[in-house]
Amino acid sequence: MDMNMNNNNNKGKSKLKQNQKKRVELILLILYAIGFYAFCICRSLHLSRADHFSKLHGLRAGWLFPPRLNDVSDAQWRNFRANLPILTLVFGVFTMLANIAGKSFHFRAKGMSIIWLFLSLIYLSYLHGACIIFILLIASANFLLVKIFANAKYFPLLLWIFNLVFLFANRVYQGYSFSKFGRQHWAYLDKFRGTFRWHICFNFVILRMISFGYDYHWAHRDSHFDQEKHIRRCHVCKSGKVCYQILQERNVHTNNFAFTTYLSYLVYAPLYIAGPIISFNAFASQLDVPQNHYSIIEVTWYGLRWVFSLSLMELMTHLFYFNAFAASGSWKKLSPMDIFIIGYGVVNFMWLKFFLIWRYFRFWSLIAGIEAPENMPKCVNNCQNLESFWKSWHASFNKWIVRYMYIPLGGSQRKLLNIWVIFTFVAVWHDLEWKLLSWAWLTCLFFVPEMLVKSAANAFQVANLVGYVIGPSGINWLISRFLSKEGLHVLGFMLTSFYVGTKLMFQIHDAKQRMQ
């Protein structure tokens, strides 16, 4: 008995020492992180001082700290920011009309699809003008293809060929010109092409057309989704609500695959421009019965957090000119340490930009009763490896790829081969540019060893820098800079910081696990 007591005492002392060691390690990690960010902020403020203004492009008069300038060098962010008032007015009116009509007349899927189709076509008419004809013609052709060939064994191949042809053709011919279809009768329509290039938005429509095709194809087959098993494991479903996974995997009735529901899904106004990407099953289910995952209070809180995030973005672009350095090419004249800080800042700027854009449109969709997957559920600085980063960054696109590409291609059994097909598609889906293909293939090169050894890699920073900023032509120059005498010290600092960051992420993850 005394021996058992001694063993228990020894185990207790050993556990206490381990906890003390972890506590000391956590304190050291936090102190390093504080020092790291303090250094990066001070250096970024120094780089964004007035004597650099003449070398940077895209700086405009700011309103936050006049006469300090505001970095609006990113065209996507600049346009979104400028159009926020009109977008908010339009979506406010649209969601109010749709919700009033749905509750007043007790509309289900068919009725709500007609309401949203009507409102969305008004929206598209302003965006694309006469080019809405191209969208409706291609969409109608896809609908007929699905309805006619859905039961054929070769249907998935046919569906992909059809959509890939238009993905490439739309970009090569820049959305087509009406004059090519008859100068006398159609050329005048080129004067009414709207305010936004339709073939850019159509990339999202292609994803929805493929989703509709597969979901209709699978609706005629037995589902492999174990709903009861999922409900036992899902905390959302246990609470009596319906999670997105159920909405996506549960086959809807074939009556819901009507032409009006299909078109409403393709052009659904709140998610049309930028997503998040939602499957046809999930969309049609929520037209019938609006989402119950988020309460009114939770949706309101979601909107308020978005406003706070917008304030952070305004503060960031007024204080730090990361993207202006990248856009103007001025970063090439900086030291290796400053290049690292600008590159790190650009990645964080890109994350916050997409965070704001995606959550804005998702907010209006939630108000309309349609839940879409959340993009960027984790901060970019809280992804301990490349796989975690990819799943979190464009999470709804990742769900779409897993459902409609990864699993049909063979899933984990062919993972090493599948990633090359998938990331190549992701690159060409974004745009037909060599630097995006370089990003895709570099990501695959970093992915392969990570999958083999599951190590904590932060190489996604390099891959994103190539894809978004420098392109393949600048990678040799960048490598030579960091392999110089001055650059090797910076490289050591980077690797140490990545290691500390990864250790801190694991500490946070363990703390969350203990709290559950």
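Residues numbered from 1 in each chain as written. Predicted model: local features only at pLDDT ≥ 70, side-chain atom pairs only at ≥ 80, totals over all residues. Heavy atoms only, no water.

Looking at an unreviewed UniProt entry, the chain carries the name Membrane-bound O-acyltransferase C24H6.01c isoform X5, with the source organism given as Durio zibethinus. Under Subcellular location (unreviewed entry), UniProt gives the following word-for-word description of the chain: "Membrane". (UniProt positions renumbered as here; feature names shortened; annotations may be inferred.)

Engineer: Any chance you could explain the packing of aromatic side chains here in plain terms?
Structural biologist: With the rule as written, the count across this model stands at 58 aromatic pairs. Summarising the aromatic geometry, the rings of Y265 and F283 are spaced 5.5 Å apart at their centres and angled 45° between planes, so their arrangement reads as tilted. In this pair, Y265 is assigned in helix α10 (residues 259–267) and F283 in helix α12 (residues 280–288), connecting sequence segments 18 residues apart. Consider the rings of Y360 and W364, whose centres lie 6.4 Å apart with planes at 75°: the pair is edge-to-face. In this pair, Y360 and W364 are both assigned in helix α15 (residues 336–367), 4 residues apart and thus about one turn of the helix distant. In terms of burial, Y360 and W364 fall into one category: buried. Chaining the aromatic ring pairs together yields one cluster made of W116, F143, F212, Y216, F257, F259, Y262, Y265, Y268, F280 and F283. The ring of F354 is capped by K353, whose NZ or CZ atom sits 4.4 Å from the centre of that ring. (Phe/Tyr/Trp six-rings, centres within 6.5 Å; stacked < 30°, edge-to-face > 60°. Helix = DSSP H or I, 4+ residues; strand = E, 2+ residues; numbered from the N terminus. Buried < 20%, exposed > 50% of the residue type's maximum accessible area, 1.4 Å probe, protein only. Lys NZ or Arg CZ within 6 Å of the ring centre and 35° of its normal.)

Engineer: Help me understand a nonpolar patch on the surface, please; the structure alone is not making it clear to me.
Structural biologist: A grouping of V24, L26, I27, L28, I30, L31 and I34 is seen on the molecular surface, where their side chains present a nonpolar patch of about 630 Å² in accessible area. With respect to the helices and strands, I30 occurs in helix α1 (residues 2–47). (Patch = residues over 30% accessible without salt bridge, like charges linked within 9 Å, V, L, I, M, F, W, Y side chains within 5 Å. Areas by Shrake-Rupley, 256 points an atom, 1.4 Å probe, with all protein chains shown as cover. Salt bridge = Lys/Arg side-chain N within 4 Å of Asp/Glu carboxyl O.)

Engineer: Is there a simple way to think about the packing of helix α4 (residues 132–149) against α10 in this case?
Structural biologist: Two packed helices can be described by the angle between their axes and the distance between those axes. The interhelical angle for the contact between α4 and α10, taken along N-to-C directions, is 130°, at an axis separation of 11 Å. In terms of orientation, α4 and α10 fall into the oblique class. With respect to the hand of their crossing, α4 and α10 are arranged in right-handed fashion. Together, L136, A139, S140, N142 and F143 of α4 and F259, Y262, L263 and L266 of α10 make up the contact between the two elements. Here the contact of α4 with α10 is composed, by residue class, of 7 nonpolar, 2 polar and no charged. (Axes fitted to C-alpha atoms, helices over the stretch in contact; angles between N-to-C directions. Parallel < 35°, antiparallel > 145°, perpendicular 65-115°, else oblique. Left-handed = near helix turned anticlockwise from the far one by under 90°. Contact = heavy atoms within 4.5 Å. Nonpolar A, V, L, I, M, F, W, Y, C, P; charged D, E, K, R; others polar.)

Engineer: Just checking my understanding: could you explain the layout of surface pockets for this structure?
Structural biologist: Sizing a probe to match a water molecule and rolling it over the atoms shows the empty space that remains. Approximately 1,800 Å³ is the volume attributed to the largest pocket. Lining the largest pocket are 50 residues; nearest its centre among them are Q76, F196, I200, K353 and F354. By residue number, the principal contributor to the lining of the largest pocket is helix α2 (residues 75–105), which donates 8 residues. Class assignment for the residues of the lining of the largest pocket results in 30 nonpolar, 13 polar and 7 charged. (1 Å grid on protein atoms, 1.4 Å probe; cavity = no way out; pocket = protein on both sides within 12 Å on 5 of 7 lines; lining within 4 Å. Points joined across faces, edges and corners; volume = space filled by probe spheres on them.)

Engineer: Would you mind showing me how to read the nonpolar core here?
Structural biologist: Nonpolar side chains in soluble globular proteins tend to end up buried together. Counting 141 residues, the largest nonpolar core has W116, F340 and W400 as its most contacted members. No other element matches the 22 residues that α15 contributes to this core. Non-local contacts of W116, meaning those with residues more than four positions away in its chain, are made with F94, T95, A98, S264, Y268, A269, P270, L287 and A368. If you look at the next biggest cluster of nonpolar residues, it comprises 5 residues, including C234, C237, C243 and I246. (Core = buried A, V, L, I, M, F, W, Y, C linked by side-chain atoms within 4.5 Å.)

Engineer: Hey, could you run me through the environment of W63 in this one?
Structural biologist: By the element assignment, W63 lies in the loop between β1 (59–61) and β2 (69–71). The exposure class of W63 is exposed, given its relative accessible area of 54%. In this structure the C-alpha to C-alpha distance between W63 and E314, which are 251 residues apart in sequence, comes to 9.4 Å. Within the local environment of W63, its side chain forms a polar contact with the side chain of E314, the two groups lying 2.9 Å apart. (Polar contact = N/O pair within 3.5 Å; in protein donor to acceptor, adjacent residues only side chain to side chain.)

Engineer: Just checking my understanding: could you explain the environment of F91 for this structure?
Structural biologist: Counting through the fold element by element, F91 comes out in helix α2. Sequence separation between F91 and I367 is 276 residues; the distance between their C-alpha atoms is 9.8 Å. Not counting the four nearest positions on each side in its chain, F91 is found in contact with Y123, A269, P270, Y360, F361 and W364.

Engineer: Help me understand helix α5 (residues 155–172) in this model?
Structural biologist: Each α-helix turn comprises 3.6 residues. Residues three or four places apart therefore point the same way. For α5, spanning 18 residues, the distance from its first C-alpha to its last is 26 Å, which sits close to the expected 26 Å at 1.5 Å a residue. Those residues of α5 lying buried are F155, L159, W160, F162, N163, L167, A169, N170 and R171. Elements that come into contact with the buried residues of α5 comprise α4, α6 (198–219), α17 (395–406) and α18 (415–430). A positive phi of about 50° marks Q174, the residue just after α5. (Expected span 1.5 Å × (residues − 1).)

Engineer: Any chance you could explain α4 here in plain terms?
Structural biologist: Between its first and last C-alpha atoms α4 spans 26 Å; for 18 residues at 1.5 Å apiece the expected length is 26 Å, and the two agree. Considered for burial, the residues of α4 that qualify are I132, F134, I135, I138, A139, N142, F143, L145 and V146. Across the axial projection of α4, the buried residues extend over an arc of 165°, all falling on one side. Looking at α4, the residues exposed on the side facing more than 90 degrees away from the buried face are L137, L144 and I148. The secondary structure elements touched by the buried residues of α4 are α3 (109–128), α5, α6, α10 and α11 (269–272). (Arc of directions from axis to C-beta.)

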